[in-house]
Amino acid sequence: MKYEAVIGLEIHAELETATKAFCSCLNAFGDERNTNVCPVCLGLPGALPVLNRKAVELAISAGMMLGCSISRSTRWDRKNYFYPDLTKAYQISQLYAPLCLGGGLEINSRFIRLNRIHLEEDAGKLIHEKGVTIMDYNRAGVPLIEIVTEPDLRSPDDAVEFVEKVRQTLVYGGICDGKMEQGSLRVDANISVMPEGSKIYGTRSEIKNINSFRFIKKALAHEIERQMDLVSEGGRVVQETRRYDENSGETFSMRTKEDAHDYRYFPDPDIPSLLILEEEIGRIRAGLTEAPASRFSRYTSALGLSPRDASAILSRRRTADFFDAAVSAGANPKNAANSIKGEIQRLLNESGDETQPISMPIQDFVKALALAQENKITQEGLKIALSAMYSEKIGIGEVAKKYSLYVSEDNAAIKEAVESVIASDPASVAKYKNGNEKVLSFLLGQCMKKLRGKALPQTIGEELKKALER
Amino acid sequence: MSIIEQRQLLDRREISAIELTRSYLERIEEHSGLEAFLHVNNACEAAAAKAQARIDSGESLAFTGIPVGLKDNLCTFDMPTTCASKMLKGYIPPYDATVVAKLRSQDAVFLGKLNMDEFAMGATTTTSYYKKTRNPFDPNRVPGGSSGGSAAAVSAGLCSAALGSDTGGSIRQPASFCGITGMRPTYGMVSRYGCVAFASSLDQVGPLGLSAKDCAQLLAAVAGADGHDQTSQHSTGLFAERSSAGMADDFMNSRYEQFPEKAPEIHLGVVKELLGESVEPETRQAVLNAAEWYRNAGCQVSEISIPILEHAVPAYYLISSAEASANLSRFDGVRYGHRINKPSSYEDLVEKSRAEGFGWEVKRRILLGSYALCSGYYDDYYIKATRLANALRSEYSRLFETYDAILSPASPMAAFAFDAVPEDPAQLYLADICTVGAALAGLPSLSTPCGLTSDGLPIGLMMTGSRWSDSKILCLADAFERSFKRPAPKINAS
């Protein structure tokens, strides 16, 4: 019998707020241990939480960008369990009335449904060092959203793709920085196997705290294989929590259902229910950036980009924003996309600057594209122009003059360049005459180099052919 | 001497803040046998000197230089805050509770921290890990609880007034046992920030004083919305619009003066269910006499019935214990509080530290509360209890459409002897029937002395109003107090 895997994910994403979820301590990564703490996040006797409205707004933004419906009334619950990283011995979370419900994302032409998104607080961090365990509570109380999917994923590749898309959406929205290596984004996966085509899910296991894309793929693949082997040999999967070991690449049982926690959830009496007003929803929606999934379909349908180009543009929000601005300013979408994924991306990579918006006036970029399209400058000239506009911060007019980029009507110069190339490379000329057509593009390149982008390849090609035919 | 009289003496320089403080310190020393204090503030003379400087500069406020006591569950950055538990022995918080900070900013003088039932769980102050506070009216009897130290100290004149906390009756019942006035304000009127949580949806900090007027003074000083407590003044009631100073004015000037004329407009209800068989006859008679006093003063007085009160005690114990089970989980021995030596593991550390650090009553409630929240029992216990509380709230709202305040005893009996504390905790819990209703409904409720038993023990009249009608019930109590001589304890605690 053939089996298929059923996967559901819980994606934990730390929110990019200035302060923590229930106190005014800084929400910062990498600070000296236990410096961003106060009576509230340390859970000292008598301290009380005060909800950070910005965290609620970001969680609502996430819900909107992932197509959820936003609850008009929400509240928080206490999830009770003992662990040294949890200062109050309960986590403020949402079980009964989460902030966002439903929603989902399409990956590989399949819609993956979300069950909910809720807003909770992160726990501190335990650092095991020289035989002792050190508690660092800087992370305690950092706002976190948990994005819970329905069991709609069917393969580790799907899971990776889905997490990547969610991550990209959150980064676009300024909701989460998406840095898995810093723990800003962590994934729990529920996995089961069932006979292919079946409607009845098998017993699932849960793998906790996977913190890289590579590990998601490896951990899921390993766990699916383990379960399939087990089931095909007549065994049974037990409901349990498993841990992925990065070194061995295997998963290990942490605890079974029998010793699973009873979290004894109940509404947190310290935090009044929150009513979310229509105008609040409207204000947040108005300030929202368009989600990458929506941009992707717009780029590929209305703007006619290939899926590959669309993905390349979308890989960073700033390139996508730059592209959108250029298209609204009248640029030809395909030309704009080519320049952005080529020259602009190269310039950004060289600058090493990861976050700043692209510093180039949109009007100049659009004008440069138009000049190239009208054959007033060559593609080679366009690259020179973009590079100069980006690094020298000068306008297209000035660049064109400074580097004399306009295509020359001077046929004499073209002829001279052609003659000089032919004269200097008799070997290639001989090859051409012996029927090797490929050498033509090489010679053309040589001529273009000599002309420094000031003549159009077509014009040069014609002259070159004429000269060679002689 | 009332707080207002002390204020006048201080402001007229007829007594200095230091002299006043010293006179209280002497009384505390003299009556140390009462065991009201867990900690006497050794810096209170310095605080009095600071208060005096403020008085001298002519900038005194209502509590500048007034010596007050604090229940030991209110965080103080300069004194231990133990909640009368071994768990927090020697624990000094790094911050002041909002109510403490408010009084400190007026340069009130904190005489020290007052005994209580461990983590405010109890009605006798005998669950304190440290000491047994005695009733100033009879050293062989309990002072009530959980704010028993606060009530005993005020009653015996060991502080001008004190702050306590009331979760299910912990201010009103000890006030009635010790013959003073104590008030549970409307839930949300006073910040809970820094009051070590027992049951968050019920805990409310409030005043204990020698009169309703003194309580009003202290309440006005500590009331008000607090950015550190989202449940403070969350509801937009009458008081939400008013400053706490406005409330004091309201009380002191207008309503107080108007009582005789306003009396015919006032409609009082006497709760039938709280004057039944289970109430001691002397208590019943004293409360009926007080009701009669109001009738004679011109008020309309009727008997009312709240049948649902029958279920209030179990609902209260389920909700308060459920919340307590979560609130007290943070005491795990990891960051602060009692910790065992050489634990073998994290689990061992938590289990044994808690086993050693908590007393039996606290453990009982944690177990009860944890059980009520378990999956499978949650709907049957916790949810059912919250439904009962909602029904009770509606019932009170309906009553307050007709009645200005509701009268009852604050306890079915007067203070009982230490050796008469029931063995069966359920028996003791049942005595909370008078006070838990107002707590579950978040209503303002106070107790004021209205009589003495033949044994010379005080009896408390409880008066409960609608949400945010705090000044109204204080005025009504004040009117009664002006014609009823407060019984003075014949302190003999040695």
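Residues numbered from 1 in each chain as written. Chains lettered and ligands numbered in written order. Predicted model: local features only at pLDDT ≥ 70, side-chain atom pairs only at ≥ 80, totals over all residues.

**So, the overall build of chain B**
We apply this condition: Only DSSP runs of H or I with at least four residues qualify as helices, and only runs of E with at least two residues qualify as strands; both kinds are numbered from the N terminus onward. Restricting the calculation to C-alpha atoms gives the radius of gyration, and the globule rule supplies 2.2 Å times the number of residues raised to the power 0.38. With C-beta atoms placed from the backbone, a residue counts as buried when 20 or more other C-beta atoms lie within 10 Å of its own, as exposed when 12 or fewer do, and as partly exposed for counts between those limits. We call two residues in contact when their backbone-placed C-beta atoms lie within 7 Å.
In terms of helices and strands, chain B carries 16 helices and 11 strands. Radius of gyration (C-alpha) of chain B: 21 Å, near the 23 Å computed for a compact globule of 494 residues. Taken along the three principal axes of its C-alpha coordinates, chain B extends 70 × 55 × 45 Å. Every one of the 494 residues in chain B was classed for burial, and the buried ones make up 60%. Counting contacts in chain B only where the partners sit at least 6 residues apart, residues at least 24 apart contribute 76% of the total.

**Re the overall build of chain A**
Helices and strands together make up the secondary structure of chain A, namely 15 helices and 17 strands. Taken against the 2.2 N^0.38 rule, which gives 23 Å for 470 residues, the C-alpha radius of gyration of chain A at 29 Å runs more than 25% over that of a compact globule. Projected onto its principal axes, the C-alpha coordinates of chain A cover approximately 90 × 55 × 50 Å.

**Here we look at helix α4 (residues 98–105) of chain B**
Residues three or four positions apart in an α-helix share a direction because the helix packs 3.6 residues into each turn. Residues and elements named next belong to chain B. Listed as buried for α4 are Thr 98, Val 99, Val 100, Lys 102 and Leu 103. On its buried face, α4 sits against β2 (67–71), β4 (161–166), β6 (204–209) and α7 (212–222). Immediately downstream of α4, the backbone of Asp 107 shows phi near 65 degrees, a positive value.

**So, the interface of chain B and chain A**
Under the convention used in this document: For this classification, the nonpolar set comprises Ala, Val, Leu, Ile, Met, Phe, Trp, Tyr, Cys and Pro, the charged set comprises Asp, Glu, Lys and Arg, and every other residue, Gly included, is treated as polar.
Counting from both sides, the interface comprises 34 residues of chain B and, opposite them, 24 residues of chain A. Of all the elements in the fold, those that place two or more residues in the side of chain B that touches chain A are α10 (312–327), α11 (346–357) and α12 (360–373) of chain B. Per-element accounting of the side of chain B that touches chain A gives the leading share, 3 residues, to α10 of chain B. For the side of chain B that touches chain A, the per-class residue count stands at 17 nonpolar, 11 polar and 6 charged.

**Overview of the nonpolar core**
Where we set the bar: We define the nonpolar core as any set of buried residues of the types Ala, Val, Leu, Ile, Met, Phe, Trp, Tyr and Cys, connected via C-beta atoms lying within 7 Å of each other. As annotated, the domain borders come from an automatic or database domain assignment.
If you look at the biggest cluster of nonpolar residues, it comprises 254 residues, and the most contacted ones within it are Ala 59 and Ala 385 of chain A. Sort the elements by how many residues they give to this core and α10 of chain B lands first, with 9 residues. Taken domain by domain, the makeup of this core includes at least three residues from each of domain 1 (3–279) and domain 2 (290–402) of chain A. When near neighbours in sequence (up to four residues on either side) are disregarded, Ala 59 of chain A contacts Leu 15, Leu 99, Ile 117, Leu 119 and Ile 145 of chain A.

**What about the sheet that holds strand β4 (residues 77–80) of chain A?**
Residues and elements named next belong to chain A. Rule in force here: When DSSP finds at least two bridges between two strands, those strands are taken to pair.
Within the open sheet, the 3 strands sit side by side as β5-β4-β16. Their pairing is antiparallel. Edge positions in the sheet fall to β5 (90–93) and β16 (266–267), since each of these pairs with one other strand and no more. Pairing of β4 with β16 involves 2 bridges; the strand directions are antiparallel. Bridged to Arg 78 within β16 is Phe 266.

**Considering the packing of helix α14 (residues 439–451) of chain A against helix α15 (residues 457–469) of chain A**
Residues and elements named next belong to chain A. The condition is simple: Inter-axis angles, ranging from 0 to 180 degrees, are taken between N-to-C directions of lines fitted to C-alpha atoms, where helices are fitted over the stretch in contact. Relative orientations are named as follows: roughly parallel for angles under 35 degrees, roughly antiparallel for angles over 145 degrees, roughly perpendicular for angles from 65 to 115 degrees, and oblique for any other angle. With the far helix as reference, a near helix turned anticlockwise by less than a right angle produces a left-handed crossing, and one turned clockwise produces a right-handed crossing.
One way to put it is that α14 packs onto α15 with a least axis distance of 10 Å and a crossing angle of 120 degrees. Judged by the angle between their axes, α14 and α15 are oblique. The way α14 lies across α15 gives a crossing that is right-handed. Contacts between α14 and α15 involve Leu 443, Leu 444, Cys 447, Met 448 and Leu 451 from the former and Pro 457, Ile 460, Gly 461 and Leu 464 from the latter.

**Quick look at the packing of α10 of chain B against α12 of chain B**
The description of two packed helices rests on the angle between their axes and on the distance between the axes. Residue and element names in this part refer to chain B. One way to put it is that α10 packs onto α12 with a least axis distance of 7 Å and a crossing angle of 100 degrees. Taken together, α10 and α12 sit at an angle that is classed as roughly perpendicular. Contact residues: Tyr 317, Leu 318, Ser 321, Ala 322, Glu 323, Ala 324 and Ser 325 in α10; Arg 365, Ile 366, Leu 368, Gly 369, Ser 370, Ala 372 and Leu 373 in α12. Taken together, the residues of the contact of α10 with α12 sort by class into 8 nonpolar, 4 polar and 2 charged.

**Points about unusual backbone geometry**
Glycine aside, the phi torsion of most residues is negative, and most peptide linkages are trans. In this chain, Gly 145 of chain B is followed by Ser 146 of chain B through a cis amide linkage whose omega measures 10 degrees. Mapping Ser 146 of chain B onto the fold places it in the loop between β3 (109–114) and α5 (148–155). The residue Asn 375 of chain A is not glycine, and still its phi comes out positive at about 65 degrees. Along the polypeptide, Asn 375 of chain A turns up in the loop between α9 (362–373) and α10 (379–392). On the basis of neighbour counts, which here come to 12 C-beta atoms within 10 Å, the residue Asn 375 of chain A falls in the exposed class.

**Here we look at the pairing of β6 of chain B**
Residues and elements named next belong to chain B. Most of β6 sits out of view: 6 of its 6 residues are buried. Pairing geometry for β4 and β6, over 5 bridges, is antiparallel. When the sheet's bridge partners are listed, Leu 163 is paired in β6 with Pro 207.

**Section: the sheet that holds β4 of chain B**
Residue and element names in this part refer to chain B. A sheet is described by the order of its strands in space; here 11 strands give the open sequence β1-β3-β2-β4-β6-β5-β10-β11-β9-β7-β8, paired in mixed fashion. The sheet terminates laterally at β1 (37–40) and β8 (300–304), the two strands that pair on one side only. Taking each pair of neighbouring strands and ignoring which way they run, the sheet shows an average axis angle of 30 degrees. Lying over the sheet, α5 contacts β1, β2, β3, β4, β5 (181–184) and β6, oriented at roughly 155 degrees with respect to β4. Against the sheet, helix α16 (residues 470–481) engages β5, β9 (405–409), β10 (445–452) and β11 (458–464), with an angle of about 15 degrees to β10.

**Notes on the confidence of the model for chain B**
Residue and element names in this part refer to chain B. Our working definition: Along the chain, pLDDT gives the predictor's confidence residue by residue, from 0 to 100.
Residues with a pLDDT of 70 or more make up 94% of chain B, whose mean pLDDT is 93. In this model, residues 234–249 is a region of pLDDT below 50 whose contacts with residues beyond four sequence positions or in other chains number 23 contacts. Overall fold confidence for the complex sits at a pTM of 0.91, while the interface term, ipTM, reaches 0.94.

**Quick word on the domain arrangement of chain A**
Interfaces are frequently sized by the accessible area removed from exposure as the parts join. Entries for chain A in the domain assignment read domain 1 (3–279), domain 2 (290–402) and domain 3 (411–469). Here the C-alpha centroids of domain 2 of chain A and domain 3 of chain A sit 31 Å apart.

**Regarding α10 of chain B**
Rules: Helix span is expected to be 1.5 Å times the residue number reduced by one.
Between its terminal C-alpha atoms α10 of chain B stretches 22 Å, which fits the 22 Å expected from 16 residues at 1.5 Å a residue. Burial analysis of α10 of chain B places 15 of its 16 residues in the buried class, the great majority of the element.

**Comments concerning the environment of Arg 335 of chain B**
Along the chain, the position of Arg 335 of chain B falls in the loop between α10 and α11. On the basis of neighbour counts, which here come to 15 C-beta atoms within 10 Å, the residue Arg 335 of chain B falls in the partly exposed class. The contact partners of Arg 335 of chain B, leaving out residues within four places of it in the chain, are Leu 42 and Thr 87 of chain A.

**Let's talk about the environment of Gly 182 of chain B**
Residue and element names in this part refer to chain B. Positionally, Gly 182 belongs in strand β5. In this structure the C-alpha to C-alpha distance between Gly 182 and Leu 399, which are 217 residues apart in sequence, comes to 23 Å. Once you skip the residues sitting within four places of it in the chain, Gly 182 turns out to touch Ala 151, Gly 164, Ile 171, Arg 172, Pro 174, Ala 175, Gly 206, Leu 208, Leu 446 and Ser 447.

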